[in-house]
There are 2 protein chains.
Amino acid sequence: MSTLLLVVPSHWAEVWIPPLAELAPELNVRVYGRDEHDSRDIDYVLTFRPPHGVLKSLPNLKAVFSLGAGVDGILSDPEYPRRVPLIRFVDHTLSREMAQYCVLHVLMHYRMQRFFDHAQAEHKWRQALLPRRAQDTRVGILGLGEIGTLTAERLRDLHFAVAGWSRNRRSVSGVESFAGQKELSAFLARTDILICLLPLTPDTRDILNADLFARLPPGAFVINVARGGHLVEADLIQAIDSGHLSGATLDVFNTEPLPEDNPLWTHPKITVTPHIAAISEPRVAAQYVADGIARFERGQPLGNIVDPARGY
Amino acid sequence: MSTLLLVVPSHWAEVWIPPLAELAPELNVRVYGRDEHDSRDIDYVLTFRPPHGVLKSLPNLKAVFSLGAGVDGILSDPEYPRRVPLIRFVDHTLSREMAQYCVLHVLMHYRMQRFFDHAQAEHKWRQALLPRRAQDTRVGILGLGEIGTLTAERLRDLHFAVAGWSRNRRSVSGVESFAGQKELSAFLARTDILICLLPLTPDTRDILNADLFARLPPGAFVINVARGGHLVEADLIQAIDSGHLSGATLDVFNTEPLPEDNPLWTHPKITVTPHIAAISEPRVAAQYVADGIARFERGQPLGNIVDPARGY
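Topic: the pattern of salt bridges
Residues and elements named next belong to chain B. Under the counting rule described, the total for this entry stands at 36 salt bridges over all chains. Across the salt bridge formed by Lys62 and Asp43, the nearest N and O atoms sit 3.2 Å from each other. Taken together, the residues Lys62 in the loop between β3 (44-47) and β4 (63-66) and Asp43 in the loop between β2 (28-31) and β3 connect sequence positions 19 residues apart.

Some points on the side chain of His244 of chain A
Along the chain, the position of His244 of chain A falls in the loop between α8 (233-241) and β11 (245-250). Sequence-distant contacts of His244 of chain A, that is, excluding residues within four places in its chain, are made with Phe213, Ala214, Leu216, Pro217, Pro218, Gly219, Ala220 and Ala239 of chain A.

Description of the packing of helix α3 (residues 92-110) of chain A against helix α3 (residues 92-110) of chain B
For the pair α3 of chain A and α3 of chain B, the least separation of the axes is 9 Å and the interaxial angle reads 120°. Here α3 of chain A is positioned oblique relative to α3 of chain B, judged by the angle of their axes. When you trace α3 of chain A past α3 of chain B, the crossing you get is left-handed. Judged by residue contacts, Gln100, Val103, Leu104, Leu107, Met108 and Tyr110 of chain A of α3 of chain A engage Gln100, Val103, Leu104, Leu107, Met108 and Tyr110 of chain B from α3 of chain B.

Regarding the nonpolar core
Grouped together as the largest cluster of nonpolar side chains are 119 residues, with contacts concentrated most on Leu6, Phe160 and Ile195 of chain A together with Leu6, Phe160 and Ile195 of chain B. The contact partners of Ile195 of chain A, leaving out residues within four places of it in the chain, are Cys102, Val106, Val139, Gly140, Ile141, Leu142, Thr151, Leu155, Ile223 and Val225 of chain A.

Some thoughts on the relation of the copies chain B and chain A
Screw-axis analysis of chain B against chain A gives a translation of 0.0 Å along the axis, an RMSD of 0.1 Å, and a rotation angle of 180°. Taken together, the turn and the small shift mark the pair as related by a two-fold rotation axis. No C-alpha of chain B lies nearer the rotation axis than that of Leu104 of chain B, which sits 2.9 Å from it. A symmetric contact is evident, with 100% of the interface residues of chain B recurring at the interface of chain A.

Side note on the domain arrangement of chain A
All names here are of chain A. Per the domain assignment, the segments of chain A are domain 1 (3-91 + 280-297) and domain 2 (92-272). Contacts between the two partners involve seven residues from domain 1, matched on the other side by seven residues from domain 2. Both sides together, the interface formed by domain 1 and domain 2 hides about 680 Å², and carbon and sulfur atoms give 51% of it. Contact with domain 2 buries area across many residues of domain 1, yet Asp72, Val90 and Asp91 alone supply 67% of it, more than any other trio.

Re the interface of chain B and chain A
Tallying the contact residues gives 53 residues for chain B and 53 residues for chain A. Interface of chain B and chain A: buried area, both sides summed, is about 4900 Å²; carbon and sulfur atoms make up 57% of it. The interface formed by chain B and chain A includes six salt bridges. Here Arg133 of chain B makes a salt bridge to Glu97 of chain A, at a shortest N to O gap of 2.5 Å. Counting every contact that joins chain B to chain A gives 32 residue pairs in polar contact (both at pLDDT 80 or more). Those elements that provide at least two residues to the side of chain B that touches chain A are α3, α4 (113-121), α5 (146-157) and β12 (270-272) of chain B. Partitioning the side of chain B that touches chain A into residue classes produces 27 nonpolar, 13 polar and 13 charged.

What about the state of the cysteines?
According to the stated counting rule, one finds zero disulfides over all chains in the structure shown. You can see Cys102 of chain A has no disulfide; the closest cysteine sulfur is in Cys196 of chain A, sitting 9.8 Å from it.

Here we look at the confidence of the model for chain A
Parts of the prediction with low pLDDT should not have their coordinates interpreted in detail. In this model, chain A carries a mean pLDDT of 95, and residues with pLDDT of at least 70 account for 100%. Scoring the predicted complex yields pTM 0.91 and, for the interface, ipTM 0.90.

Quick look at unusual backbone geometry
Omega for the bond connecting Glu256 of chain A with Pro257 of chain A falls within 30 degrees of zero, at -10°, which places this linkage in the cis form. Along the polypeptide, Pro257 of chain A turns up in the loop between β11 and β12 (270-272). Phi angles above zero are rare outside glycine, and His123 of chain B is one such case at about 55°. Looking at where His123 of chain B falls in the secondary structure, it is placed in the loop between α4 and β6 (138-142). A relative accessible area of 24% places His123 of chain B in the partly exposed class. In the Ramachandran plot, His159 of chain B falls in the positive-phi region, its phi being about 80° despite a non-glycine side chain. Residue class for His159 of chain B comes out partly exposed when judged on its relative accessible area of 26%.

A word on the sheet that holds β3 of chain B
Within a sheet, each strand pairs with its neighbour through backbone hydrogen bonds, oriented either parallel or antiparallel. Residue and element names in this part refer to chain B. Across the sheet, which stays open at both edges, the five strands sit in the order β2-β1-β3-β4-β5 with parallel pairing between neighbours. Looking at the sheet topology across the chains shown, the edges are occupied by β2 and β5 (86-87). The sheet contact formed by strand β1 (residues 3-7) and β3 spans four bridges and is parallel. Bridged to Leu6 within β3 is Leu46. Seen against the sheet, helix α1 (residues 10-23) touches β1 and β2 and runs at an angle of roughly 155° to β1. Packing against the sheet, helix α9 (residues 282-297) makes contact with β1, β3, β4 and β5, and its axis sits at approximately 160° to β4.

Cut-offs applied
Residues numbered from 1 in each chain as written. Chains lettered and ligands numbered in written order. Predicted model: local features only at pLDDT ≥ 70, side-chain atom pairs only at ≥ 80, totals over all residues. Heavy atoms only, no water. Salt bridge = Lys/Arg side-chain N within 4 Å of Asp/Glu carboxyl O. Helix = DSSP H or I, 4+ residues; strand = E, 2+ residues; numbered from the N terminus. Contact = heavy atoms within 4.5 Å. Axes fitted to C-alpha atoms, helices over the stretch in contact; angles between N-to-C directions. Parallel < 35°, antiparallel > 145°, perpendicular 65-115°, else oblique. Left-handed = near helix turned anticlockwise from the far one by under 90°. Core = buried A, V, L, I, M, F, W, Y, C linked by side-chain atoms within 4.5 Å. Buried < 20%, exposed > 50% of the residue type's maximum accessible area, 1.4 Å probe, protein only. Least-squares fit on C-alpha atoms with pLDDT ≥ 70 in both. Domains from an automatic or database assignment. Buried area = accessible area lost by both parts, 1.4 Å probe. Polar contact = N/O pair within 3.5 Å; in protein donor to acceptor, adjacent residues only side chain to side chain. Nonpolar A, V, L, I, M, F, W, Y, C, P; charged D, E, K, R; others polar. Disulfide = S-S within 2.5 Å. pLDDT = per-residue confidence, 0-100. Pairing = 2+ DSSP bridges.

Here is the structure:
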């Protein structure tokens, strides 16, 4: 019998245990910090942001399952045992939800929904023409993986002019592809609405900073739905307050939950949502872990294995 | 030389005249109520909601161009000369904008954006799971013409379960089609988010009423982006306040501009926008009129001629 250790906050563990018991009844499930266990017995770990050193302390660990598409919370552990396979949770439903979130917030901005919200609050009938046609509105997506590609396709179908930027050139029909550091400036210069969907790695940490904002055209809008660590919050506020950027929508933050006194909450040009662009459904995540362990034990290849050097 | 009479508010006329002068320089353009003209000289009219009797008073009128996809404002004139061809303005850009508006407001509702807006206003980190997956969320579109079809396709691609209702059965890939009065109840019973995109005719006036709302499942949401005349506003408020409907988004109203003291402005579960789902761009509309007149004068067939008996 294999043992899975859940290294997650205990209120999360409560949620994952029932579907795991149903879908992998042969699995022995322990919760870190709650259940006693012998570290030598642990075969697998399911985690998102484990305390540093915990994974290293498990001598017989066979694989680590990430509870999200991003694994930065795991790789940021300096003692992460890099020879243990780390599997990213690539859930097509999560990808779709993330793309939906991006479509919603691109449209809220493009269609001036906040302007109309304010008019409604004042009971004022304030008509306004859209500032430009969708085909003249350039959306730029940082990161063209599964989620970025889906997002690009949906926005393309709504007639926006869509481009993506990624490490290597990608081919997505009707979407312009920019690749590598060399083409980042050209990508930014043609981007009216920037969406960050990058993995968080040492290369991409703080990428949304004053220097990058300055390379966007005046009036550009920023959507960060990847990780709080991509964004230098003070630089964003400054770029908006100077009038260079028109606003932002943020779903992720350097500190989560976002503290009540953080100025992002009250900025009139910033929409804050509480990291809800895509939330793993317990049953789907439990299935991914159950399937992954079964494949591993039969010696079958596993998909979505992270390259720790690359960070995703 | 032909003469076109603009029967529109004078501030609209200011906007249409320059592109008309550019695109149809041979056309003599007069503005009703502002420029003197002999009624016998008028060959064509461009209008949206003409004062009753004006069109009848033009003995040599050859064609009427509508300044919108809906022609109810013209056909509601009891003295409308029904033998004069009436041409609807079918602008693909307008159709796309209307579809965008519907996608935006379906997503705002489905993704609980108002809930997160309130949480932001209180600086509260309130995470919430979506109540159900998109594929289990049933969008129903009243009216499957060009705009309804585009809207259905975009929402289908975002993985909603989409159906449409129309006079005759329509074939749109991945979209369930309901047809005629006989199938209206079945359509409503399976609809969580109802979008009205119908033409306004005597058959569809007041169609969004207490009886129809009662046939929607509890918690349903209503979006009206067609005409104010489709909706019985008091019935909507009552259906929301009773808890049966979860809310609504309205872009069109019985009286426009919506009066400042109308209760719709302040209802916490209703989003009001000022008839901006799609606004004709002067240049595009001028092109449609210039092309239409040129075709008419060469004896070529015109598209989008309204059947006055049907009303669209």
